[in-house]
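Topology and contacts: notes
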Amino acid sequence: MPKVLIAGGGLSGLAAAAALGGAGFEVHVFESRAFLGGRATSYPVPAGEGEAETIDNCQHILLRCCVNLLDFYERLGVRERIRFYREFYFLEPGGRASVLRRGRLPAPLHFAGAFLTMKCLERADKLAIARAIWAIRRERTRRQDLDRISMRDWLLQKRQTPRAIDRFWRQVLVSAINEDLDTMAARHGFQVFWLGFLSRADAYEMGVPSIPLAQLYGEEAWRRLPGVQMHFRSPVETVAAGGFTVAGERHTGDYYVCALPFERVAALGLPAPAFQHSPITGVHLWFDREVTTLPHATLLDRTMQWMFNKSGGRYLQLVVSASRELTALSREDIIDIALGDLRLYFPRVREANLVRAHVVKEQRATFSAAPGTEALRPPAATGIPNLFLAGDWTSTGWPATMEGAVRSGYIAAGAVARAAGRPAEFLLPDIA
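Just so it is clear, the structure is predicted and the values come from calculations on it, not from any experiment.

1. Some remarks on the sheet that holds strand β15 (residues 277-287)
- Taken together, seven strands build an open sheet; the order of strands is β8-β7-β16-β17-β18-β15-β19 and the sheet is mixed. In this open sheet, the two edge strands, each paired with only one partner strand, are β8 (97-100) and β19 (354-367). The sheet shows a mean angle of 25° between the axes of neighbouring strands, direction not considered.
- Bridge analysis of strand β7 (residues 88-91) against strand β16 (residues 296-299) gives two bridges, and the strand direction is parallel. Looking at β16, one finds that F90 is bridged to T298.

2. Observations regarding helix α2 (residues 67-76)
- Among the 10 residues in α2, eight count as buried, and that is most of the element.
- Along α2, the positions that sit buried rather than exposed are V67, N68, L69, L70, D71, F72, Y73 and L76.
- As for α2, its buried residues are in contact with α1 (11-22), β5 (62-63), β6 (82-85), α8 (213-216), α9 (219-222) and α12 (402-419).
- Backbone geometry just after α2 places G77 at a positive phi near 75°.

3. Here's the deal with the environment of E139
- For E139, the position within the fold is in helix α4 (residues 123-139).
- Counting along the chain gives 24 residues from E139 to F115, while the straight-line C-alpha distance between them is 22 Å.
- Excluding residues that lie within four positions of it along the chain, E139 makes contacts with L146, W154, K158 and F190.

Cut-offs applied
- Residues numbered from 1 in each chain as written.
- Predicted model: local features only at pLDDT ≥ 70, side-chain atom pairs only at ≥ 80, totals over all residues.
- Heavy atoms only, no water.
- Pairing = 2+ DSSP bridges.
- Helix = DSSP H or I, 4+ residues; strand = E, 2+ residues; numbered from the N terminus.
- Axes fitted to C-alpha atoms, helices over the stretch in contact; angles between N-to-C directions.
- Buried < 20%, exposed > 50% of the residue type's maximum accessible area, 1.4 Å probe, protein only.
- Contact = heavy atoms within 4.5 Å.

Next up, the structure:
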């Protein structure tokens, strides 16, 4: 079988490896670090007395509409490690909770009952949101300017109230796309909301890995694909039609996939746009007692956007997407903000003692999904017949998400298979 070399062990490179390995190709993945997953990984941090605890660099979630990501997990035999939740908890300062869950009506009316009972929104907010939802259904395939205007521009066109924007649209979309509403292309906001909330009644259900991210693509998972070999601590220094240079050594194959971040690809002289980055900040907090029983919650009106209960209500992870305002702050300042926010939502935090804390600033978390960027995203083909690109920044039809990364890997794998004269399509279509 043809031999394929893949530069980069992030999700896009791993997805290409899983698809090609499953199709019988000989695949070699070269990763510069000692672990897989790229920006969706985990690593140990000190836990006291010489012990260490494995944490995710940031909480990564998926929705049931992420069909390619779920397919990738299925290929690795870890799909059952994703725990799905049917309720979204919206918490106001003071602790009052509103729950968004589907009802008995078919999509796209399945949230009608829940919206009526959401205490965090007023009647005018709910009416405005309903108008916008119906407008998304009408305009998603008709408007031609959705990649030229921001999501905020579109929401203002639809006369959304300030509370509806801040407590609903921002909470859902900024975390999904990792960009502010006034910088996010409306195209991506439409796509996420349609696929995740309107297209199918269960598409919104949120999947959270029950094990650290790195374990999803650990050694045991790859035993299912014996044709795939991983090479760790093997940085790819040059990429060309004739092979990779890895740590000073030449490696050759029949086909090559470059699945590196766009800034690394550009440094190698391959076609890559000069996108802006959008950061994500994760705050890990360990308390000496249980402070909440909720599995997760979106936190309204404050800096911290989401809370995930990682272990018994004592270890919480907080997430701030598009966190530019936090990048210049110190670790201590960010922890103080996080604790101040949590005290407003969970009274038991006021009596609890903070045992330890860890802050992760992922400055290059994703590319900025700004208006006008979609046309700049390159295809998998490079103009060199046996060299292909993969990465969430390539042309996938999705913003920079785990689903987008896997889609790019599947697209590149399909291009390799076709070049090898073995027609194969690995990319699954979006849910209808």
